[in-house]
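Residues per chain are reported as follows:
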Amino acid sequence: MVVKLVPPRQKVPFDAKGFLAKAGAGRRIEKYIKDEIIFAQGAACSAVFFIQKGRVKITLVSELGKEAVIAVMSANDFIGESALTGAPLRISSATAMGDVTLVRLERKAITRLMRDEPRFADFFISHLLTRNARVEADLVDQLFNASEKRLARTLLLLANFGNDAKEIAVMPKISQEMLADMVGTTRSRVSFFMNRFRKLGFISYNGGIKVHRSLLNAILTDKPKIKRS
(Lines give C-alpha, C1' and ligand atoms only; values in the text may rest on other atoms or scores of the structure.)
Protein backbone atom coordinates (compact mmCIF):
# COMPACT_ATOMS: atom_id res chain seq x y z
CA MET A 1 0.00 0.00 0.00
CA VAL A 2 1.34 3.39 -0.99
CA VAL A 3 0.84 6.11 1.56
CA LYS A 4 0.72 9.60 0.18
CA LEU A 5 2.03 12.33 2.41
CA VAL A 6 -0.03 15.48 2.22
CA PRO A 7 2.05 18.59 2.95
CA PRO A 8 0.62 20.80 5.70
CA ARG A 9 -1.45 23.70 4.48
CA GLN A 10 0.50 26.92 4.75
CA LYS A 11 -1.07 29.65 6.84
CA VAL A 12 -2.10 32.59 4.69
CA PRO A 13 -0.85 35.90 6.12
CA PHE A 14 -3.57 38.23 7.33
CA ASP A 15 -4.25 40.97 4.77
CA ALA A 16 -5.07 43.88 7.09
CA LYS A 17 -5.19 46.40 4.24
CA GLY A 18 -7.70 44.35 2.23
CA PHE A 19 -9.73 43.44 5.29
CA LEU A 20 -10.10 47.01 6.54
CA ALA A 21 -10.82 48.36 3.04
CA LYS A 22 -14.16 46.56 3.04
CA ALA A 23 -17.24 48.54 3.96
CA GLY A 24 -18.42 48.15 7.51
CA ALA A 25 -20.23 49.91 10.28
CA GLY A 26 -18.11 52.47 12.05
CA ARG A 27 -15.28 52.56 9.50
CA ARG A 28 -14.62 54.64 6.41
CA ILE A 29 -11.81 55.56 4.04
CA GLU A 30 -10.35 59.04 4.40
CA LYS A 31 -7.79 60.81 2.20
CA TYR A 32 -5.45 63.64 3.18
CA ILE A 33 -2.94 65.79 1.34
CA LYS A 34 0.46 67.04 2.47
CA ASP A 35 0.42 69.06 5.72
CA GLU A 36 -3.28 68.36 6.32
CA ILE A 37 -4.09 67.62 9.96
CA ILE A 38 -5.61 64.20 10.65
CA PHE A 39 -6.21 64.88 14.32
CA ALA A 40 -4.98 67.65 16.58
CA GLN A 41 -3.62 67.69 20.10
CA GLY A 42 -6.46 68.49 22.49
CA ALA A 43 -9.20 67.34 20.08
CA ALA A 44 -11.80 64.72 20.97
CA CYS A 45 -10.38 61.20 20.98
CA SER A 46 -12.91 58.75 19.55
CA ALA A 47 -11.29 56.81 16.67
CA VAL A 48 -8.25 54.78 15.66
CA PHE A 49 -6.73 55.14 12.18
CA PHE A 50 -5.05 52.52 9.99
CA ILE A 51 -2.61 53.88 7.40
CA GLN A 52 -3.17 52.28 4.01
CA LYS A 53 -0.86 54.57 2.05
CA GLY A 54 1.61 57.35 2.83
CA ARG A 55 3.39 58.63 5.92
CA VAL A 56 2.09 60.46 8.95
CA LYS A 57 4.03 62.70 11.33
CA ILE A 58 3.14 62.53 15.03
CA THR A 59 3.98 65.71 16.95
CA LEU A 60 3.61 66.99 20.49
CA VAL A 61 3.56 70.62 21.64
CA SER A 62 4.76 71.45 25.16
CA GLU A 63 3.15 73.98 27.50
CA LEU A 64 5.88 76.43 26.44
CA GLY A 65 4.88 76.05 22.78
CA LYS A 66 7.85 73.93 21.65
CA GLU A 67 6.90 71.30 19.06
CA ALA A 68 8.64 67.94 18.89
CA VAL A 69 8.31 65.18 16.28
CA ILE A 70 7.90 61.96 18.26
CA ALA A 71 7.27 59.50 15.43
CA VAL A 72 6.81 59.03 11.70
CA MET A 73 4.32 56.28 10.86
CA SER A 74 3.83 54.58 7.50
CA ALA A 75 1.62 52.06 5.69
CA ASN A 76 0.20 49.22 7.82
CA ASP A 77 0.65 51.23 11.03
CA PHE A 78 -2.12 52.32 13.37
CA ILE A 79 -2.29 55.79 14.90
CA GLY A 80 -4.54 57.24 17.57
CA GLU A 81 -4.67 54.04 19.63
CA SER A 82 -5.25 56.06 22.81
CA ALA A 83 -8.92 56.16 21.77
CA LEU A 84 -9.18 52.62 23.14
CA THR A 85 -8.02 53.69 26.60
CA GLY A 86 -11.04 55.93 27.06
CA ALA A 87 -8.93 59.09 26.92
CA PRO A 88 -11.26 62.02 26.11
CA LEU A 89 -8.65 64.19 24.33
CA ARG A 90 -5.70 63.65 21.98
CA ILE A 91 -2.29 64.11 23.59
CA SER A 92 -0.55 64.56 20.22
CA SER A 93 -1.24 65.63 16.65
CA ALA A 94 -1.06 63.64 13.41
CA THR A 95 -0.23 65.37 10.10
CA ALA A 96 0.02 63.94 6.59
CA MET A 97 3.53 64.13 5.12
CA GLY A 98 2.20 63.65 1.59
CA ASP A 99 -0.84 62.00 0.02
CA VAL A 100 -2.22 59.70 2.72
CA THR A 101 -5.06 57.17 2.69
CA LEU A 102 -6.45 56.03 6.03
CA VAL A 103 -9.18 53.80 7.38
CA ARG A 104 -10.97 55.55 10.23
CA LEU A 105 -12.23 53.08 12.84
CA GLU A 106 -14.60 54.40 15.47
CA ARG A 107 -13.96 53.15 19.00
CA LYS A 108 -16.99 50.82 19.00
CA ALA A 109 -16.11 49.46 15.56
CA ILE A 110 -12.53 48.45 16.41
CA THR A 111 -13.66 47.00 19.75
CA ARG A 112 -16.19 44.88 17.88
CA LEU A 113 -13.59 43.76 15.32
CA MET A 114 -11.20 42.66 18.04
CA ARG A 115 -13.98 40.62 19.64
CA ASP A 116 -15.37 39.04 16.46
CA GLU A 117 -12.27 38.72 14.21
CA PRO A 118 -9.43 36.79 15.93
CA ARG A 119 -6.97 37.36 13.07
CA PHE A 120 -7.52 41.11 13.22
CA ALA A 121 -7.12 41.01 17.01
CA ASP A 122 -3.80 39.17 16.62
CA PHE A 123 -2.63 41.71 14.03
CA PHE A 124 -3.58 44.69 16.17
CA ILE A 125 -2.03 43.26 19.35
CA SER A 126 1.18 42.52 17.44
CA HIS A 127 1.21 46.16 16.33
CA LEU A 128 0.76 47.38 19.91
CA LEU A 129 3.58 45.16 21.19
CA THR A 130 5.89 46.38 18.44
CA ARG A 131 5.03 50.00 19.21
CA ASN A 132 5.64 49.43 22.92
CA ALA A 133 9.06 47.94 22.20
CA ARG A 134 9.81 50.91 19.92
CA VAL A 135 8.87 53.39 22.67
CA GLU A 136 11.12 51.60 25.16
CA ALA A 137 13.99 51.58 22.67
CA ASP A 138 13.46 55.30 21.99
CA LEU A 139 13.63 56.04 25.72
CA VAL A 140 16.86 54.09 26.11
CA ASP A 141 18.21 55.86 23.04
CA GLN A 142 17.47 59.29 24.50
CA LEU A 143 18.88 58.43 27.93
CA PHE A 144 22.09 56.63 27.02
CA ASN A 145 23.11 57.32 23.42
CA ALA A 146 24.78 60.39 21.96
CA SER A 147 22.99 62.41 19.29
CA GLU A 148 25.12 60.89 16.50
CA LYS A 149 23.98 57.37 17.32
CA ARG A 150 20.37 58.53 17.82
CA LEU A 151 20.46 60.09 14.35
CA ALA A 152 21.81 56.87 12.85
CA ARG A 153 19.00 54.87 14.45
CA THR A 154 16.39 57.38 13.28
CA LEU A 155 17.64 57.16 9.68
CA LEU A 156 17.45 53.36 9.79
CA LEU A 157 13.90 53.44 11.18
CA LEU A 158 12.73 55.96 8.58
CA ALA A 159 14.27 53.81 5.83
CA ASN A 160 12.43 50.76 7.21
CA PHE A 161 15.57 48.70 7.61
CA GLY A 162 14.66 45.36 9.17
CA ASN A 163 15.81 41.79 8.95
CA ASP A 164 15.70 41.64 5.15
CA ALA A 165 18.74 41.45 2.96
CA LYS A 166 18.44 44.79 1.19
CA GLU A 167 21.66 46.79 1.03
CA ILE A 168 20.23 50.25 0.30
CA ALA A 169 16.92 51.88 1.25
CA VAL A 170 15.55 55.26 0.18
CA MET A 171 14.28 57.52 2.93
CA PRO A 172 11.13 59.61 2.61
CA LYS A 173 11.71 63.31 2.01
CA ILE A 174 12.30 64.87 5.39
CA SER A 175 13.97 68.09 6.44
CA GLN A 176 17.00 68.34 8.69
CA GLU A 177 14.89 70.46 11.05
CA MET A 178 12.47 67.56 11.46
CA LEU A 179 15.34 65.11 11.95
CA ALA A 180 16.73 67.41 14.64
CA ASP A 181 13.35 67.41 16.41
CA MET A 182 13.16 63.62 16.29
CA VAL A 183 16.73 63.13 17.51
CA GLY A 184 16.61 65.85 20.13
CA THR A 185 19.50 67.96 18.88
CA THR A 186 20.15 71.00 16.69
CA ARG A 187 19.92 71.27 12.91
CA SER A 188 23.63 72.17 12.71
CA ARG A 189 24.55 68.94 14.54
CA VAL A 190 22.34 66.92 12.21
CA SER A 191 24.01 68.54 9.20
CA PHE A 192 27.46 67.79 10.64
CA PHE A 193 26.63 64.13 11.30
CA MET A 194 24.92 63.65 7.94
CA ASN A 195 28.06 64.89 6.18
CA ARG A 196 30.14 62.51 8.28
CA PHE A 197 27.86 59.58 7.45
CA ARG A 198 28.13 60.44 3.75
CA LYS A 199 31.93 60.53 3.87
CA LEU A 200 31.96 57.16 5.66
CA GLY A 201 29.72 55.67 2.96
CA PHE A 202 26.79 55.10 5.33
CA ILE A 203 24.43 57.28 3.29
CA SER A 204 24.39 58.85 -0.16
CA TYR A 205 22.53 61.66 -1.91
CA ASN A 206 21.12 60.86 -5.32
CA GLY A 207 17.56 62.00 -5.89
CA GLY A 208 16.96 61.65 -2.16
CA ILE A 209 18.76 60.25 0.86
CA LYS A 210 19.78 56.62 0.48
CA VAL A 211 20.68 54.71 3.62
CA HIS A 212 23.23 51.91 3.22
CA ARG A 213 23.25 48.72 5.25
CA SER A 214 26.77 49.63 6.42
CA LEU A 215 25.11 52.13 8.79
CA LEU A 216 23.13 49.30 10.39
CA ASN A 217 26.29 47.22 10.67
CA ALA A 218 28.07 50.12 12.36
CA ILE A 219 25.24 50.41 14.90
CA LEU A 220 25.11 46.67 15.62
CA THR A 221 28.86 46.30 16.02
CA ASP A 222 29.14 49.62 17.91
CA LYS A 223 32.13 50.73 15.88
CA PRO A 224 34.06 53.73 17.23
CA LYS A 225 32.77 55.91 14.37
CA ILE A 226 29.24 55.66 15.81
CA LYS A 227 29.55 55.86 19.56
CA ARG A 228 28.55 57.66 22.71
CA SER A 229 30.27 60.93 23.43
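Up top you'll find the structure we're talking about.
Residues numbered from 1 in each chain as written. Predicted model: local features only at pLDDT ≥ 70, side-chain atom pairs only at ≥ 80, totals over all residues. Heavy atoms only, no water.

Undergrad: Help me out: how do you make sense of the overall build of the chain in this one?
TA: The helix and strand tally for the chain stands at seven helices and 11 strands. Per-residue burial for the chain yields a buried fraction of 40% across its 229 residues. Long-range contacts, defined as pairs at least 24 residues apart, comprise 71% of the intrachain contacts of the chain with a sequence gap of at least 6. Working note: accessible area of the chain is about 13,700 Å², and carbon and sulfur atoms make up 56% of it. (Helix = DSSP H or I, 4+ residues; strand = E, 2+ residues; numbered from the N terminus. Buried < 20%, exposed > 50% of the residue type's maximum accessible area, 1.4 Å probe, protein only. Contact = heavy atoms within 4.5 Å. Areas by Shrake-Rupley, 256 points an atom, 1.4 Å probe, with all protein chains shown as cover.)

Undergrad: How should the side chain of Arg55 be read in this particular structure?
TA: Along the chain, Arg55 falls in the loop between strand E3 (47–53) and strand E4 (56–61). For the buried Arg55, no salt bridge exists, and the shortest N-O distance to an oppositely charged side chain is 7.3 Å, to Asp77. Among the polar contacts listed, one links the side chain of Arg55 to the backbone oxygen of Leu158, at a separation of 3.2 Å. (Lys, Arg positive; Asp, Glu negative; His and termini not counted. Salt bridge = Lys/Arg side-chain N within 4 Å of Asp/Glu carboxyl O. Polar contact = N/O pair within 3.5 Å; in protein donor to acceptor, adjacent residues only side chain to side chain.)

Undergrad: Looking at this model, I keep getting lost on the pattern of salt bridges. Mind explaining?
TA: This model, assessed by the stated rule, comprises six salt bridges. Here Glu148 and Arg196 are joined by a salt bridge, their closest N and O atoms 2.9 Å apart. Linking Glu148 in helix H4 (residues 147–158) with Arg196 in helix H6 (residues 187–200), this pair joins segments that are 48 residues apart in sequence. Residue class for Arg196 comes out partly exposed when judged on its relative accessible area of 31%.

Undergrad: Mind showing me how you'd approach the environment of Glu30 here?
TA: Along the chain, Glu30 turns up in strand E1 (residues 27–32). Considering only alpha carbons, one finds Glu30 and Val103, 73 residues apart in sequence, at a separation of 6.1 Å. Residue contacts for Glu30: discarding those within four places in its chain leaves Phe49, Val100, Thr101, Leu102 and Arg104.

Undergrad: I would appreciate a short explanation of the packing of helix H5 (residues 176–183) against H6 in the present structure.
TA: The description of two packed helices rests on the angle between their axes and on the distance between the axes. At a minimum axis distance of 8 Å, the contact between H5 and H6 shows a crossing angle of 100 degrees. By the angle class used here, H5 and H6 are roughly perpendicular. When H5 is examined against H6, the residues Gln176, Glu177, Leu179 and Ala180 are found in contact with a partner set consisting of Arg187, Val190, Ser191 and Met194. Looking at side-chain class alone, the contact of H5 with H6 contains four nonpolar, two polar and two charged residues. (Axes fitted to C-alpha atoms, helices over the stretch in contact; angles between N-to-C directions. Parallel < 35°, antiparallel > 145°, perpendicular 65-115°, else oblique. Nonpolar A, V, L, I, M, F, W, Y, C, P; charged D, E, K, R; others polar.)

Undergrad: Is there a simple way to think about the sheet that holds E1 in this case?
TA: Backbone hydrogen bonds hold the strands of a sheet together, and the pairing may be parallel or antiparallel. Taken in spatial order, the four strands make up an open sheet running E1-E8-E3-E6, and their pairing is antiparallel. Edge positions in the sheet fall to E1 and strand E6 (78–79), since each of these pairs with one other strand and no more. Taken together, the six bridges between E3 and strand E8 (residues 100–106) define a ladder with antiparallel strand orientation. Bridge pairing in E8 places Phe49 opposite Arg104. Along the sheet, helix H2 (residues 107–116) makes contact with E1, E3 and E8, crossing E8 at roughly 80 degrees. (Pairing = 2+ DSSP bridges.)

Undergrad: Looking at this model, I keep getting lost on H5. Mind explaining?
TA: For an α-helix the count is 3.6 residues per turn, leaving residues at separations of three or four pointing the same way. Inspection of H5 places Met178, Leu179, Ala180, Met182 and Val183 among the buried residues, and these make up the whole buried set. A positive backbone phi angle near 85 degrees is found at Gly184, which sits one or two residues after H5.

Undergrad: Is there a simple way to think about the nonpolar core in this case?
TA: Generally speaking, nonpolar side chains in soluble globular proteins are found buried as a group. Core analysis: the largest hydrophobic core is formed by 29 residues, its most contacted members being Leu151, Leu155, Met171, Leu179, Met194, Phe197 and Val211. For this core, the elements supplying multiple residues, two or more each, are strand E5 (67–73), H4, H5, H6, strand E11 (209–212) and helix H7 (213–221). Excluding its chain neighbours within four sequence positions, the residues that come into contact with Leu179 are Leu151, Thr154, Leu155, Leu158, Ile174, Val190 and Met194. (Core = buried A, V, L, I, M, F, W, Y, C linked by side-chain atoms within 4.5 Å.)

Undergrad: Where do I start with the packing of aromatic side chains in this structure?
TA: Geometrically, a pair of aromatic rings is defined through the distance of the ring centres and the angle of the planes. Using the criterion set out here, one finds 10 aromatic pairs in the structure. Judged by centre distance (5.0 Å) and plane angle (55 degrees), the rings of Phe50 and Phe78 are tilted. Here Phe50 is found in strand E3, whereas its partner Phe78 is found in strand E6, with 28 residues between them in sequence. These aromatic residues form a ring-pair network of at least three members: Phe19, Phe50, Phe78, Phe120, Phe123 and Phe124. We note Arg27 situated over the ring of Phe19; from NZ or CZ to the ring centre the distance is 5.4 Å. The ring of Phe39 has Arg90 sitting right over it, with the charged end atom 4.2 Å from the ring centre. (Phe/Tyr/Trp six-rings, centres within 6.5 Å; stacked < 30°, edge-to-face > 60°. Lys NZ or Arg CZ within 6 Å of the ring centre and 35° of its normal.)

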